[in-house]
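Secondary and tertiary structure notes
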Amino acid sequence: MLLLLGFGALCIVAVWTVFLPGMRARGELSTVPATAIAATTPIVVVEPTEKPDPATAAAPTAMASTTTPRATTAVVEVSPTTVATITPLPTIIGVIITPTFAFGRDVNFIQNGDFVDNWANGWTSESNGNGGEIDMTVADGDHEVPAVRLENTGSGMVSLAQRVVMAFPAEGLVFRGRLRLAGTAGGANEGRSALILRYEDVNGEPLGASIWLDGASDSTALWGADPLPQLEDTVNVHIVDEDWQDVELWLGREFDDALPGIDPVAVRQITIMLAVLGGNGCPAAGCRASLEAAGLSLTAEAP
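What comes next is a walk through the structure. Counting of residues starts from 1 at the beginning of each chain's written sequence and follows it residue by residue. Owing to the predicted nature of the model, reporting of local features is limited to residues with pLDDT of at least 70; listing and counting of side-chain atom pairs is limited to 80 or more, with chain, interface and lining totals taken over all residues. Excluded from the side-chain calculation are hydrogens and water; included are all heavy atoms of the structure.

**Brief notes about a negative patch on the surface**
Each patch is assembled from residues with relative accessible area greater than 30% and no salt bridge, linking like charges that lie within 9 Å and nonpolar side chains (Val, Leu, Ile, Met, Phe, Trp, Tyr) that lie within 5 Å. Here the open area of atoms and residues is found with the Shrake-Rupley method and a 1.4 Å probe, where only the protein chains shown may cover a residue. For this document, the term salt bridge refers to a Lys or Arg side-chain nitrogen within 4 Å of an Asp or Glu carboxyl oxygen. This count recognises Lys and Arg as positive and Asp and Glu as negative, with His and chain-terminal groups excluded. Note that the charge is assigned to NZ on lysines, CZ on arginines, CG on aspartates and CD on glutamates. Taken together, the side chains of Glu171, Asp256, Asp257 and Asp263 present a region of like negative charge at the surface. The topology assignment puts aspartate 257 in helix α3 (residues 251-257). The classification of residues rests on relative accessible area computed with a 1.4 Å probe and restricted to protein chains. Under 20% of the type maximum is buried, over 50% is exposed, and intermediate values are partly exposed. Among the residues examined, aspartate 257 registers a relative accessible area of 66% and is labelled exposed. Where helices and strands are cited, they refer to DSSP runs of H or I of at least four residues and of E of at least two residues respectively, numbered from the N terminus.

Take a look at the structure:
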């Protein structure tokens, strides 16, 4: 029995000795340590993209500006916000109002609307004919309240104008002022005075107007004579008498009640015009008209 066990052990040893080298050669048994793999297998490391150093990074290429300078430097921009598509007419100066401008009754969008700095600051004058003049006076005998006075005695006209440009609808604006208007009604010898709020689109094209006309007559043959517009359904006329009076106009209500043909969203410019004018047939001193105005303001307020 012992002889058989010994013989079996010798056989196992012989088999192990014969077959083990072959198994190593064919890869059927591996004892390669992990350190050997690390030494022989290349490891690819992906580096993160390096952020440029702000101190050494190249500045972006400057793009050429395509903004056309305005024809007058008297336009006052009250916000750094650019209103690129709005180009005021070159003959009328004014203020550009953007949504960043402070709102409230104390913020007047009309430059020098109280005329404390005479009338040349903020306003553009125009005249034709030889019977017109502009000067300064006081409102209603109050020497502390300056007022501008326009007078025309013959044919032609004299006017002051200022434009307010907006980047938001005009329906939240309120116009206020003190006025005294006087005119002459007499057929061909007609002289009239008017304060005009002309509503314009983004390109300055007229959309309509609100007008305060002197009470010499409820009608006039001068509609369409510069600067009065043609009398259409987009024009609302307020007749006033010759006494000093306060006026207040909430533009949103004016559009709703009297000017439904005007889209407030389309109104992007408002030109305030003070004008006195006479018909072409007026003699030199036969068509007297006068206008006095003080404390003009245009503000954005909640209704």
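Having put the structure on the table, let's press on.
**Concerning the sheet that holds strand β11 (residues 245-250)**
Taken in spatial order, the five strands line up as β4-β5-β13-β7-β11 in an open sheet, and their pairing is antiparallel. In this open sheet, the two edge strands, each paired with only one partner strand, are β4 (132-139) and β11. Averaged over all pairs of adjacent strands, the angle between strand axes in this sheet comes to 30 degrees, irrespective of strand direction. What makes two strands pair is DSSP finding at least two bridges between them. By the bridge criterion, nine bridges tie strand β7 (residues 173-182) to strand β13 (residues 289-300) in an arrangement that is antiparallel. Pairing of leucine 179 across the sheet is with alanine 293, part of β13. Only the stretch in contact is used when fitting a helix axis, every axis being a line fitted to C-alpha atoms; angles between N-to-C directions are given from 0 to 180 degrees.

**Section: the state of the cysteines**
Cysteine sulfur pairs qualify as disulfides if the two atoms are within 2.5 Å. Summed over the entire model, instances satisfying the criterion amount to one disulfide. Here cysteine 282 engages in a disulfide with cysteine 287; their sulfurs sit 1.9 Å apart. Taking the torsion about the S-S bond as the criterion, the cysteine 282 to cysteine 287 disulfide, at about -105 degrees, is left-handed. On the basis of relative accessibility, which here comes to 9%, the residue cysteine 282 falls in the buried class.

**What about the pattern of salt bridges?**
A side chain with one charge can pair with a side chain of the opposite charge if their charged atoms come near. Applying the stated rule across the entire model yields twelve salt bridges. For aspartate 214, the salt bridge is made with arginine 192, and the minimal N-O distance between the two is 3.1 Å. Pair noted here: aspartate 214 is in strand β9 (residues 206-214) and arginine 192 is in strand β8 (residues 191-200), with a separation of 22 residues, a long-range link. There is no split in this pair, since aspartate 214 and arginine 192 are both buried. If you follow the salt bridges from partner to partner, you end up with Glu133, Arg149, Glu151 and Arg288 in one network.

**Some remarks on the side chain of threonine 299**
Within the element layout of this structure, threonine 299 appears in strand β13. Side-chain polar atoms of threonine 299 contact the side chain of glutamate 301, separated by 2.5 Å. Discounting residues that sit within four places of it in the chain, threonine 299 has contacts with Gly104, Arg105, Val107, Asn108, Phe109, Gly172, Leu173, Val174 and Arg176. Within 3.5 Å is the distance limit for a polar contact, defined as a pair of N or O atoms, with the added protein rule that one can donate a hydrogen and the other accept it, and that residues adjacent in sequence qualify only through two side-chain atoms. When checking whether two residues touch, look at their non-hydrogen atoms; a contact exists if any pair is within 4.5 Å.

**Quick notes on the packing of aromatic side chains**
To describe a pair of aromatic rings, one takes the distance between the centres and the angle between the planes. By convention, a stacked pair of Phe, Tyr or Trp rings (six-membered ring in the case of Trp) has centres within 6.5 Å and planes under 30 degrees apart, an edge-to-face pair has planes over 60 apart, and any other such pair is tilted. Scanning the entire structure with this criterion turns up three aromatic pairs. Between phenylalanine 115 and tryptophan 123, the aromatic rings sit 5.4 Å apart at their centres with planes inclined by 20 degrees, giving stacked as the arrangement. Of the two residues examined, phenylalanine 115 and tryptophan 123, each falls in the buried class. Centre to centre, the rings of tyrosine 199 and phenylalanine 255 are 5.1 Å apart; their planes meet at 70 degrees, and the pair counts as edge-to-face. Here phenylalanine 255 lies in helix α3 and tyrosine 199 lies in strand β8, a separation of 56 residues in the sequence. Classification of tyrosine 199 by relative accessible area gives buried; the value is 0%. Taking the relative accessible area as the measure of exposure, phenylalanine 255 reaches 2% and is therefore buried. Consider the ring centre and the ring normal. A charge sits over the ring if Lys NZ or Arg CZ is within 6 Å of that centre and within 35 degrees of that normal. Stacked on the ring of tryptophan 244, the Lys or Arg arginine 178 has its end atom at 5.8 Å from the ring centre.

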